[in-house]
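Residue strings, one per chain:
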Amino acid sequence: NEATCVDAIVSTIGFPLVGGPAGSMEAGRNVDVAAALLESMDVPYIVASPLLLQSIPMWQSNGVLGLQSVVLYSLPELDGAIDTVVLGGLVGDKIALIPERVRKVCSRLRGWVNLRKTPPADRKISVMLYGFPPNVGAVGTAALLDVPNSLEQLLKRLHEEGYNVGDFAKDPDASGQSLVAALAVCSENSVIAGGSNKMQSAIEQRMERARNGDETVPETLAKPGGGLAGATVLGKDMNFDELEKMLGKYMAKKVRKSWPEKERGPGMNMKGEMVINGLQIGNIWITVQPLLGVEGDPMRLLFERDLTPHPQYTAAYEWMRLPEEKGGFGTDAVIHLGMHGTVEWLPGQPLGNDRQSWSDELLGGTPNVYVYAANNPSESILAKRRGYGTLVSYNVPPYGRAGLYLELANLKDLVNEYRSGEDSRSDLRDAIWGSCERAGITADVPYNFSVENSEGELDLSAVKVEDFDAWVANLSNYLVTLEERLFSSGLHTLGGQPTDKELLSYLNAYFDDKLSVDELEEVIALSHETHKSTESSNSFLSWLQSFADNFMGDNSDSATQTSDDEPLKDEALKIVKLLKRNTEEMDGVVTALNGGYVKPCPGGDLLRDGTSVLPTGRNIHALDPYRMPSEGAWARGQRAAEEILRQHQESNNGAFPETIAVTLWGLDTIKTRGEAIAIVLALVGARPVKEGTGRTVNFELVPLEELGR
């Protein structure tokens, strides 16, 4: 009865939630405790703190650096923290707050609390799609994601949750493909030139052409109502004076300076006004993120602070946030659908937004739900930190083997025929070489014969048999490598559960030849028989029991294992169950839109990083220092260290190196899960000690007799 209900939690020191500065030395044991507590409260967890290790001028010139970034970002993000705001920093030996930054965190909190307290039926949600590169049919695309189908499923789920999505969920002809096709029409330069008022008629004309069989128009627009379920164009043509009122004079002046009147950038109509447009269906506004407008090198925007986004870019975000009574859409939240957009790449502080950071300005206090690919944690931190993104991860599509096709398939047949025959092998030399040249792989498979004819061309007839045979053997191995190379097959639909065929693809890639296809199919069949939710109860006691089981290790099945394959089959069954929880991706979006707590999880790839990256639908973080180095990184680091020593000894009469420098890079550490750290440990003669949860709890020195040096 004395408990207090809260709508958000703010940490004003950073560090881990449980234990604070002291907890950061507990090898990550408290991360799961913090996540369980926050999940039970189900409110946003925000970090807002002054810099305790940096002066304000240093932050303003260089951003948040070094250990301070670990305190404010890396450690809290393990607990699921979002929307970190730097409140100030050191001035001399005292801590000073910047009032404008205090207002910023209040604005972010107000956005989340208002979203939480607004009934779903009254919430206004913006959905931001992408369309880069322009004018090549890229509207509604994102890395590894089927955006039209994901958009369709998102709208249907929002309807189930009580949101106003018009007639979309009830219309049997409603289609995400149609919505994207209509947005593509509105993104054409010729349509933009006419202004937002003429876009509805432009879409209707395309619908009529589609019904008349015009093959240059997407067929989906031929459906009744164009498949749009009553969605109509909502937008505005805005002049610069109107934009200045929204941006404020200081930021508007910077835009004017970067984009003078004759070079206003894309998105302008014939009158020189900025055109903002999208499709409204109920309380949902679907739009295409404006182009960056910097030709050739768009990343310049991130590194050149004097640059600004072009006027129409700023106008689109400002109008989206502007309250309806003032002429805007008045969005309560924005969903950036897929990897990745550009708002997090705009000019400003590299880390630790300030008033002059454009992502800070354009997002204001609006909650940003960012649907992001799970396998790209290194870039996701920009969306989280600079773009105030509450990340919701989606899985990568199933893995497939590249296979060989066209000329490469023909080349494989020729090589097999050459290697299996004796009499006709000389007749196949020219055919094999010609096929290699047509496939463009002669440079990929080097040859060491250089016999030329009188015209300076390679004379294959003069090449020794053993030399050509050796080259063909290398070519055969190269073709096998190409054929077996893994790639993501198809596109993922947000919240879509994988089919049995797709599950088999995941498992085939993960286990390679360790389990046969029959054994994998047996595991998938078993998963259907035992299908039930593996999600633990939200109660704290249930979580403690699960944590204890993981910590101690589960050996209950050890006595019944009858073959070496049983542990692999158990692992396969675990992976299948985790992959089937892809449905939680949509749950994650809904939770974020409810102003709730999205559970954290390390980002990464199943094949590279293991099962810790599953299930998806999580607020991914890029770096878990308590799992560094990973098992794979430790194995690779040991081999690298041994090779460094071996090469040095070979070149120096067996002497060991006196000193060794190892450079640690942030992105490299994220992508390799700590390979460089493993090299350092191996060189020093130390190794990580891990507990049952997989976290590193200590480092120990290797005894000299075991180390051998």
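Please refer to the structure higher up on the page.
Residues numbered from 1 in each chain as written. Predicted model: local features only at pLDDT ≥ 70, side-chain atom pairs only at ≥ 80, totals over all residues. Heavy atoms only, no water.

A few points about the overall build of the protein chain
Using the following cut-off: Counting from the N terminus, the helices are the DSSP runs of H or I reaching at least four residues and the strands are the DSSP runs of E reaching at least two. Note that the radius of gyration is over C-alpha atoms, with the globule rule given as 2.2 Å times the number of residues to the power 0.38. The classification of residues rests on relative accessible area computed with a 1.4 Å probe and restricted to protein chains. Under 20% of the type maximum is buried, over 50% is exposed, and intermediate values are partly exposed. Residue contacts follow a heavy-atom distance rule, with two residues in contact if any of their heavy atoms lie within 4.5 Å. The protein chains shown are the only cover counted for residues, whose accessible areas, like all others here, come from Shrake-Rupley with a 1.4 Å probe. His is not counted, nor are the chain ends; Lys and Arg add positive charge and Asp and Glu add negative charge. To locate a charge, take atom NZ for lysine, CZ for arginine, CG for aspartate or CD for glutamate.
Helix and strand counts for the protein chain come out as 28 helices and 18 strands. Against the compact-globule benchmark of 27 Å for 709 residues, the protein chain has a radius of gyration of 29 Å, which places it among compact chains. Counting only C-alpha atoms, the protein chain reaches 85 × 70 × 55 Å along its principal axes. Looking at the protein chain as a whole, 50% of its 709 residues are labelled buried. Partitioning the intrachain contacts of the protein chain with sequence separation of at least 6 by distance along the chain shows that 73% fall at a separation of at least 24. With an accessible surface of roughly 33,200 Å², the protein chain has 51% of that area assigned to carbon and sulfur atoms. Taking the 66 positively charged and 98 negatively charged side chains of the protein chain as two groups, their mean positions are separated by 9 Å.

Overview of the packing of aromatic side chains
Our working rule: Only centres within 6.5 Å qualify two rings of Phe, Tyr or Trp (six-membered ring in Trp) as a pair; their planes then separate them into stacked at under 30 degrees, edge-to-face at over 60, and tilted for everything else. Should the NZ of a Lys or the CZ of an Arg lie within 6 Å of a ring centre and within 35 degrees of the ring normal, that charge is described as sitting over the ring.
Across all of its chains, the model carries nine aromatic pairs by this definition. Over the face of the ring belonging to Phe329 we find Lys124, whose NZ or CZ atom lies 4.5 Å from the ring centre. For Arg429, the ring lying beneath its charged end belongs to Phe468, and the centroid distance is 4.8 Å.

A look at helix α27 (residues 675-684)
Owing to its 3.6 residues per turn, the α-helix brings residues three or four apart onto one side. Turning to α27, its buried residues are Ala676, Ala678, Ile679, Leu681, Ala682 and Leu683. The elements touched by buried residues of α27 are α25 (631-651), α26 (666-672), β17 (686-690) and β18 (696-701).

Brief notes about unusual backbone geometry
Along the chain, Met339 connects to His340 via a cis peptide bond; the corresponding omega equals -15°. Turning to its location among the elements, His340 is positioned in the loop between β10 (333-337) and α14 (358-363). Going from Leu614 to Pro615, the amide bond is cis rather than trans, its omega being -5°. Considering the arrangement of structural elements, one finds Pro615 in the loop between α24 (606-609) and β16 (619-621). Notably, Arg673 is not glycine yet its phi reads approximately 60°, a positive angle. The residue Arg673 is located in the loop between α26 and α27 in this model.

Regarding the packing of helix α7 (residues 176-186) against helix α9 (residues 199-211)
To be explicit about the condition: Simply put, an axis is a line fit to the C-alpha atoms, just over the touching stretch for a helix, and the angle between two N-to-C directions goes from 0 to 180 degrees. Just so you know how the angles are binned, under 35 degrees is roughly parallel, over 145 roughly antiparallel, 65 to 115 roughly perpendicular, and the rest oblique. Less than a right angle of anticlockwise turn of the near helix away from the far helix marks a crossing as left-handed, whereas a clockwise turn marks it as right-handed.
Relative orientation of the contacting elements α7 and α9 amounts to 125°, with a least axis distance of 9 Å. Viewed along their axes, α7 and α9 adopt a mutual orientation that is oblique. Note on packing geometry: the crossing formed by α7 with α9 is right-handed. Between α7, through Ala182, Val185 and Cys186, and α9, the contact on the second element is made entirely by Met199, Ala202, Ile203 and Arg206.

Comments concerning the side chain of Asn368
Within the secondary structure, Asn368 is located in strand β11 (residues 368-373). Given the relative accessible area of 0%, Asn368 is considered buried. Excluding residues that lie within four positions of it along the chain, Asn368 makes contacts with Arg108, Trp112, Val334, His336, Leu363, Gly387, Tyr388, Gly389 and Thr390.

Focus on the sheet that holds strand β1 (residues 9-11)
So the rule is basically this: DSSP bridges decide pairing: two strands pair if at least two such bridges lie between them.
Pairing within the open sheet is parallel, and its three strands lie in the order β1-β2-β3. Since the sheet does not close on itself, it has two edges, and those belong to β1 and β3 (82-86), each with one partner. Strand-to-strand twist across the sheet, computed as the mean angle between neighbouring axes with direction ignored, equals 20°. Against the sheet, helix α5 (residues 99-117) touches β1, β2 (45-49) and β3, its axis set at about 165° to β3.

A few points about the packing of helix α19 (residues 500-511) against helix α22 (residues 565-579)
Formally: Three residue categories are used. Nonpolar comprises Ala, Val, Leu, Ile, Met, Phe, Trp, Tyr, Cys and Pro, charged comprises Asp, Glu, Lys and Arg, and polar comprises the others, including Gly.
At a minimum axis distance of 11 Å, the contact between α19 and α22 shows a crossing angle of 135°. It follows that α19 is oblique to α22 by the angle criterion. Relative to α22, α19 is oriented so that their crossing is right-handed. Residue-level contacts link Leu503, Tyr506, Leu507, Tyr510 and Phe511 of α19 to Leu568, Glu571, Ala572, Ile575, Val576 and Leu579 of α22. Split into classes, the residues belonging to the contact of α19 with α22 amount to 10 nonpolar, no polar and one charged.

Overview of helix α15 (residues 377-385)
With eight of its nine residues buried, α15 lies for the most part within the structure. Along α15, the residues that are buried comprise Pro377, Ser378, Ser380, Ile381, Leu382, Ala383, Lys384 and Arg385. Where the residues of α15 are buried, they touch α4 (66-78), β11, β12 (389-394), β16 and α26.

Regarding the sheet that holds β11
On the basis of which strands lie adjacent, the open sheet formed by seven strands has the order β7-β8-β9-β6-β10-β11-β12 and mixed pairing. This sheet does not close on itself; its edge strands, each paired only once, are β7 (232-238) and β12. Strand-to-strand twist in this sheet, taken as the mean axis angle between neighbours without regard to direction, amounts to 25°. Note: strand β8 (residues 274-281) against strand β9 (residues 284-288), three bridges, orientation antiparallel. Its bridge partner lying in β9, Leu279 is registered against Ile286. Sitting on the sheet, α7 is in contact with β6 (125-129), β7, β8 and β9, with an inclination near 165° to β8. Where helix α23 (residues 584-593) meets the sheet, it contacts β6, β10, β11 and β12, and its direction lies at approximately 165° from that of β12.

What to know about the pattern of salt bridges
The test is simple: Definition used for salt bridges: Asp or Glu carboxyl oxygen within 4 Å of a side-chain nitrogen of Lys or Arg.
For the structure on display, the rule yields 32 salt bridges. We note a salt bridge from Glu208 to Arg211, for which the minimum N-O separation is 3.0 Å. Of the two residues, Glu208 and Arg211 are both situated in helix α9; the distance of three residues between them amounts to about one turn of the helix. The exposure class of Glu208 is partly exposed, given its relative accessible area of 38%. Close ionic contact of Arg209 with Asp214 constitutes a salt bridge, the shortest N to O distance being 3.0 Å. Residues joined in a network through salt bridges with shared partners are Glu100, Arg101, Lys104 and Asp360.

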